[in-house]
Amino acid sequence: MNKSLLELINVVTLLGGEKRFLAPARPAVRAVDGVSLNVEEGEIFGLVGESGCGKSTLAKTVLGIVRETSGSIIVGGRDVSGVDMKQARILRNDIQYVHQDPGAALDPWWRVGHSIDEALRINNVTDARERERRIDEMLDAVGLDSSFRLRYPHELSGGQQRRVGLARILVLRPKLVILDEPTAGLDLSVQATVLRLIRDLRAELGLTYIFISHDLSVVERMCNRVAIMYLGRIAELAETQRIFSEPAHPYTRALLASSPRLDASDITKTMALEGDPPSPTSVPSGCAFRNRCPHSSEQCAAERPELEPSDRPGHIVSCHRWRSLAA
Amino acid sequence: MEPVLSIRDLRISIPTDEGSAQILDHVSVKLEKGRIVGVVGESGCGKSTLIRAILGILPNQTQIESGVILFNGRDLLQLPKGVLNKEIRGRAIGFIPQDPYLALNPVFRVGTQLLEILRAHGMPGEAPPKKFDRRTEARYRAHLVGLLKAVQVPDPETTLERYPHQFSGGQRQRVLIAAALACRPEVILADEPTTALDVTTQLQILKLLKDLVGEFDVSMLFITHDFGVVAQLCDEVSVMYAGQTVESGPTRAILDDTRHPYTQALIGCHPDRAVDIAGIPGQVPSPLAPPPGCRFHPRCDHAMAKCISERPALQALGANRQRVACTLYDGAVD
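Residues numbered from 1 in each chain as written. Chains lettered and ligands numbered in written order. Predicted model: local features only at pLDDT ≥ 70, side-chain atom pairs only at ≥ 80, totals over all residues.

Description of the overall build of chain B
Point 1. For chain B, the count of helices and strands is 12 helices and 12 strands.
Point 2. A globule of 334 residues ought to have a C-alpha radius of gyration of about 20 Å, and chain B, at 21 Å, matches this closely.
Point 3. Burial statistics for chain B: of 334 residues in total, 48% are counted as buried.
Point 4. Partitioning the intrachain contacts of chain B with sequence separation of at least 6 by distance along the chain shows that 64% fall at a separation of at least 24. (Helix = DSSP H or I, 4+ residues; strand = E, 2+ residues; numbered from the N terminus. Rg over C-alpha atoms; globule rule 2.2 N^0.38 Å. Buried ≥ 20, exposed ≤ 12 C-beta atoms within 10 Å, placed from the backbone. Contact = placed C-beta atoms within 7 Å.)

If you want it as structure tokens, here you go:
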């Protein structure tokens, strides 16, 4: 087994719950609700789930820009949890985050070179010539030439903006990069070039990725292992091939059946999940998925399922009934 | 069978500050009764302009250079605005917008917004109301509740009294589908109606659309960029590139027996099919200076002299109704 780069043990992140002036405090939302996982060096770890399932909050917790409420986060063998926000970010310098929409993340008044430069200046690379060299190097690595330094974000196409977004992060030489929906909103042909670049850069720079996406076609193609999240909890985690060939959790199965694949069969026969995901403010008791699950039983309402290993190494499922469903 | 909606050789240009933009160049799409036809292409290929052209909501300076849009034998491009408003838009042709979060006005109740459609057009088969009294309103409300039931909105009776923010994205899209169906249209135009939704909700909506096409006896033109959604929903598909229709035919034929080099390259970019994720070299041309002939020729591996000098016309291939606009298949009989 490879060296573990990042380990989360029972991480819980509460959002909200702050006191309001002359009003009762809002109830906190358990956006991340007891997540344990580890990311190995060099892998692409997929994080999949519907909107509101907590994937972005989990990413921000790992980054240290949202504080975990309990649990530990271990980066490269060092426990970095439980410190204040500023300290947390400094300790996690090896982890960087690529924003979902680089068009919004780049300052429209700043030239691309200036935006990349800022990252270096914040991280105390004081030598101007050194900074310039690294910017050119990185622009070259993401397939843009150094003339892009003088361009403004609005002059770039969607694909080029993604490349700049990547360059701005990679210039800091991180070890773990969190990619938040790196291809959302891109056309098929541009998506292909961006995915290719992401894969090539991993080999070139020895990176590890956490790949957040809801596009299962992309995830199957790109990731080594995949975690399926539902309402702040991990429903299932396994190697990509296993998830796609033998999904154990009913939610994973529903997700796979709904996903628009090229070989999709007639949807009139496909079962659609009913209803919408419940809001994180009113998570059902026991298993969070039970209200929409076609197989739920009394046990599912009474008891919260824990992640348990399946018969295949590295495959964990949190469902009371997966054994009987698989049979 | 005579198609309900038939767009033939539509050529549209819009004058801009930098010259005339050739947005559509010989687009041809046929929609037969009771079918769902997908129009697929990347951004900027003219999918949305096509919808606007059908609804007659193009910018004022737009020049229709050639082509017809036949709806039950009438050319929509020749109809005066009054007729379009009275008989076509919202009445005979319904529209489902892309973003359910933007399409409903947040400060009016859902009922008010749906009633507005009926106040303008009247109940299906009736003239618009001369006066809008309580009795008429009650009748309209009953009709709307029936529609909301058909689109499976929970609690259809109270839905009319609620505001858009009280619904989730999927439910809003259902409300908008009900709005499109309110006057019992013959054709529905759907502009990427599921892009803003999660996959599980998307499947619910796609299943609903498929059921409604049968139940309400409508035909649908479904604009999308997602071949996966096309595979799930559409009977036929028409692929566009830079304003030109390049290939059309039954969905499975297009996905499994792709003929046009652009369609091949595009499907080859899909993670489900890609041998090696690579993309298509080059850029989509600007409509201000489109390449002559086949607009894909600068990026095409098979380009020859004829591709530059002549725009290939859509030609039928074989017996399965697949049509392709490519010089490669000139004189090909198979």
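Read on, since the account is not over.
Side note on the sheet that holds strand β6 (residues 95-98) of chain A
Residues and elements named next belong to chain A.
Point 1. Taken in spatial order, the eight strands make up an open sheet running β6-β7-β8-β3-β9-β10-β12-β11, and their pairing is mixed. Of all the strands in the sheet, just β6 and β11 (308-309) have a single pairing partner and so form its edges.
Point 2. Of the pairings in the sheet, the one linking strand β9 (residues 225-230) to strand β10 (residues 233-239) comprises six bridges and is antiparallel in character. Looking across to β10, one finds that M229 is bridged to I234.
Point 3. Across the sheet, helix α1 (residues 55-63) is in contact with β3 (44-48), β6, β7 (176-180), β8 (208-213) and β9; its angle to β7 comes to roughly 155 degrees.
Point 4. Contacts from helix α10 (residues 250-258) reach β9 and β10 within the one sheet, and its direction differs from that of β9 by about 100 degrees. (Pairing = 2+ DSSP bridges. Axes fitted to C-alpha atoms, helices over the stretch in contact; angles between N-to-C directions.)

With respect to unusual backbone geometry
Point 1. Even without being a glycine, N124 of chain A presents a positive backbone phi close to 60 degrees.
Point 2. Assessed through the 6 C-beta atoms surrounding it within 10 Å, N124 of chain A is described here as exposed.
Point 3. Positioned with a positive phi, H26 of chain B is a non-glycine residue whose angle comes to about 55 degrees.
Point 4. Looking at the element boundaries, H26 of chain B is found in strand β2 (residues 19-31).
Point 5. Among the residues examined, H26 of chain B registers 19 C-beta atoms within 10 Å and is labelled partly exposed.

As for the pairing of strand β9 (residues 236-241) of chain B
Residue and element names in this part refer to chain B.
Point 1. With six of six residues buried, β9 is to be regarded as a mostly interior element.
Point 2. On β9, burial covers both faces: E236, S238 and M240 on one face and V237, V239 and Y241 on the other are all buried.
Point 3. Summarising the sheet, strand β3 (residues 36-40) and β9 pair through four bridges and their orientation is parallel. Bridge pairing links V39 to S238 in β9.
Point 4. As judged from the six bridges shared by β9 and strand β10 (residues 244-250), these two strands associate in the antiparallel manner. Of the residues in β10, the one forming a bridge with M240 is T245.
Point 5. Counting the residues between successive antiparallel strands, the hairpin from β9 to β10 contains two residues, one of them, A242, with a positive phi of roughly 45 degrees.

Here we look at the interface of chain B and chain A
Point 1. At the interface, 34 residues of chain B touch 31 residues of chain A.
Point 2. Broken down by secondary-structure element, the contributors of at least two residues to the side of chain B that touches chain A are α8 (199-215) and α9 (227-233) of chain B.
Point 3. Looking at the side of chain B that touches chain A element by element, the count peaks at nine residues for α8 of chain B.
Point 4. Looking at the side of chain B that touches chain A, its residues break down into 15 nonpolar, 12 polar and seven charged. (Nonpolar A, V, L, I, M, F, W, Y, C, P; charged D, E, K, R; others polar.)

Let's talk about the environment of M271 of chain A
Point 1. Looking at the element boundaries, M271 of chain A is found in the loop between α10 and α11 (298-302).
Point 2. Through-space distance from the C-alpha of M271 of chain A to that of A28 of chain A is 34 Å; in sequence the pair is 243 residues apart.

Thoughts on the environment of D187 of chain A
Point 1. Inspection of the secondary structure puts D187 of chain A in the loop between β7 and α7 (188-205).
Point 2. Separated by 29 residues in sequence, D187 of chain A and G158 of chain A place their C-alpha atoms 8.9 Å apart.
Point 3. Once residues within four sequence positions are removed from consideration, D187 of chain A is found in contact with E42, S43 and H225 of chain B.

Remarks on the nonpolar core
Point 1. In this structure, I178, I210 and F211 of chain A together with A178 and L221 of chain B are the most contacted members of the largest nonpolar core, which totals 186 residues.
Point 2. Per element, the largest residue contribution to this core is eight residues, and it comes from α7 of chain A.
Point 3. Domain assignment of the residues forming this core places at least three in each of domain 1 (102-182) and domain 2 (259-329) of chain B.
Point 4. Non-local contacts of I178 of chain A, meaning those with residues more than four positions away in its chain, are made with A59, V62, L63, I95, Y97, V98, I210 and I212 of chain A. (Core = buried A, V, L, I, M, F, W, Y, C linked by C-beta atoms within 7 Å. Domains from an automatic or database assignment.)

Structural notes on the sheet that holds β10 of chain B
Residue and element names in this part refer to chain B.
Point 1. Taken in spatial order, the eight strands make up an open sheet running β6-β7-β8-β3-β9-β10-β12-β11, and their pairing is mixed. Of all the strands in the sheet, the pair left with one neighbour each is β6 (93-96) and β11 (315-317). Neighbour-to-neighbour, the strand axes of the sheet open up by a mean angle of 20 degrees, direction not taken into account.
Point 2. Docked against the sheet, helix α7 (residues 169-181) engages β6 and β7 (187-191), running at close to 170 degrees with respect to β6.

Function cannot be read off these values alone, since they describe shape.
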